[in-house]
Amino acid sequence: MKNKVVAVTGASSGIGRAIALEFASKGSKLLIAARNEKKLAEVAELIKAKGAEVITVRADVSIEADCKRFIEMGISNYGQLDILINNAGISMRALFNETDLKVIKEVMNVNFWGMVYCTKFALPHLLKSKGSVVGVSSIAGFIGLPARTAYSASKFAMHGFLESLRTENLANHLHVLIASPGFTASSIRENALMSDGSRQEKSPLEEGKIMRAEEVAELLYNAIAKRKNRIVLSRDGKLVVFLNKWMPNLIRRIVYNRLKQEPNSPLK
């Protein structure tokens with residue numbers, strides 16, 4: 001990956017931050033975007049400390065013009081693009097019956113449309129380099145999670161889009177990877193939207209006991225280097241995907257009961 005140009009959205013924290021630092025340590029050139037300009041600048045300093053080049057772009061991926069500007073900044077500075085990692089995302093935690101539709105729209109705009117916009121503007125350059133499009137998805141893209149209807153919908157949509165994109169471009173040698181971590185230590189749960197659109201602020205999980213973002217980044221790096229089509233991360237994640245294929249009714253009950261036991265669960 002040395003001297004490859006890698007674009008990462010949602011790079012100011014969590015998995016995105018870890019991915020950017022992982023590629024920087026391998027000698028890649030980084031193009032990173034996020035809404036939080038201060039945190040983005042902090043990540044850029046860590047990248048520079050590893051001896052790697054970096055360009056930062058404050059961008060909201062739910063805005064088409066921001067995504068276009070993000071990709072154009074990379075091309076104007078580096079002259080190429082080799083890998084696009086669509087990582088930016090938000091979650092939600094509320095029963096659909098009680099959820100304002102603006103919450104559903106916001107989650108879809110960031111998680112799905114943000115990926116579509118960035119991929120649309122990056123694709124001509126990735127086809128030229130025979131590069132990679134990556135979607136950082138979730139186990140929620142394989143099984144609909146209760147009280148996460150919008151989040152699951154966005155990840156199912158991501159899977160369908162990327163699967164189609166891969167097949168469309170078989171003759172063009174475009175690499176498309178769908179990476180699905182299980183629960184990973186990050187700020188996504190603190191920022192998850194409640195039924196009225198407010199932030200959850202406190203994670204219902206013990207963050208120190210789940211997969212670290214750095215582990216996800218290392219596994220994702222290896223999957224891109226090997227041009228894999230799909231990876232499912234964490235033992236629990238792999239188990240859920242397997243059981244959902246062969247025993248869907250059983251896994252639904254298991255998932256329901258587990259999420260019902262979370263602190264302040266909206267499941268009654």
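Structure report, in brief.

Conventions adopted
Residues numbered from 1 in each chain as written. Predicted model: local features only at pLDDT ≥ 70, side-chain atom pairs only at ≥ 80, totals over all residues. Heavy atoms only, no water. Disulfide = S-S within 2.5 Å. Axes fitted to C-alpha atoms, helices over the stretch in contact; angles between N-to-C directions. Helix = DSSP H or I, 4+ residues; strand = E, 2+ residues; numbered from the N terminus. Parallel < 35°, antiparallel > 145°, perpendicular 65-115°, else oblique. Left-handed = near helix turned anticlockwise from the far one by under 90°. Contact = heavy atoms within 4.5 Å. Nonpolar A, V, L, I, M, F, W, Y, C, P; charged D, E, K, R; others polar. Phe/Tyr/Trp six-rings, centres within 6.5 Å; stacked < 30°, edge-to-face > 60°. Lys NZ or Arg CZ within 6 Å of the ring centre and 35° of its normal. Salt bridge = Lys/Arg side-chain N within 4 Å of Asp/Glu carboxyl O. Buried < 20%, exposed > 50% of the residue type's maximum accessible area, 1.4 Å probe, protein only.

Let's talk about the state of the cysteines
Point 1. If you walk through the whole model with that rule in mind, you get zero disulfides.
Point 2. For the unlinked cysteine C118, the closest cysteine sulfur is that of C67, found at 3.5 Å.

Concerning the packing of helix 4 (residues 101–129) against helix 5 (residues 149–168)
Point 1. Interhelical geometry of helix 4 versus helix 5 gives an angle of 20° and a closest axis separation of 7 Å. The pairing of helix 4 with helix 5 is recorded here as roughly parallel in orientation. Crossing handedness for the pair helix 4 and helix 5: right-handed. Contacts from I104, V107, M108, N111, F112, M115, V116, T119 and L123 in helix 4 reach T149, A150, Y151, A153, S154, K155, A157, M158, F161, L162 and L165 in helix 5.
Point 2. Broken down by class, the residue content of the contact of helix 4 with helix 5 amounts to 15 nonpolar, four polar and one charged.

Quick word on the packing of aromatic side chains
Given two aromatic rings, one states the distance between the centres and the angle between the planes to describe the pair.
Point 1. By the definition in use, this model includes four aromatic pairs.
Point 2. Pairwise contacts between aromatic rings join F112, W113, Y117 and F161 into one cluster.
Point 3. Above the ring of Y221, the side-chain terminus of K26 is found at 4.8 Å from the ring centroid.

A few points about the pattern of salt bridges
Point 1. Counted according to the given criterion, the structure contains ten salt bridges.
Point 2. We note a salt bridge from R258 to D236, for which the minimum N-O separation is 3.8 Å. Residue R258 is found in helix 8 (residues 248–260), and its partner D236 is found in helix 7 (residues 235–246); the two are separated by 22 residues along the sequence.
Point 3. The partly exposed category is assigned to R258, whose relative accessible area is 44%.
Point 4. Overall, D236 belongs to the partly exposed group, its relative accessible area being 40%.

Observations regarding the packing of helix 7 against helix 8
Packed helix pairs are specified by the crossing angle of their axes together with the interaxial distance, meaning the distance between the axes.
Point 1. Taken N-terminus to C-terminus, the directions of helix 7 and helix 8 make an angle of 140°; their axes are 6 Å apart at the nearest point. On the basis of the axis angle, helix 7 is oblique to helix 8. Contact residues: helix 7 offers D236, V240, L243, N244, K245 and W246, while helix 8 offers P248, I251 and R258.
Point 2. Looking at the contact of helix 7 with helix 8, its residues break down into five nonpolar, one polar and three charged.

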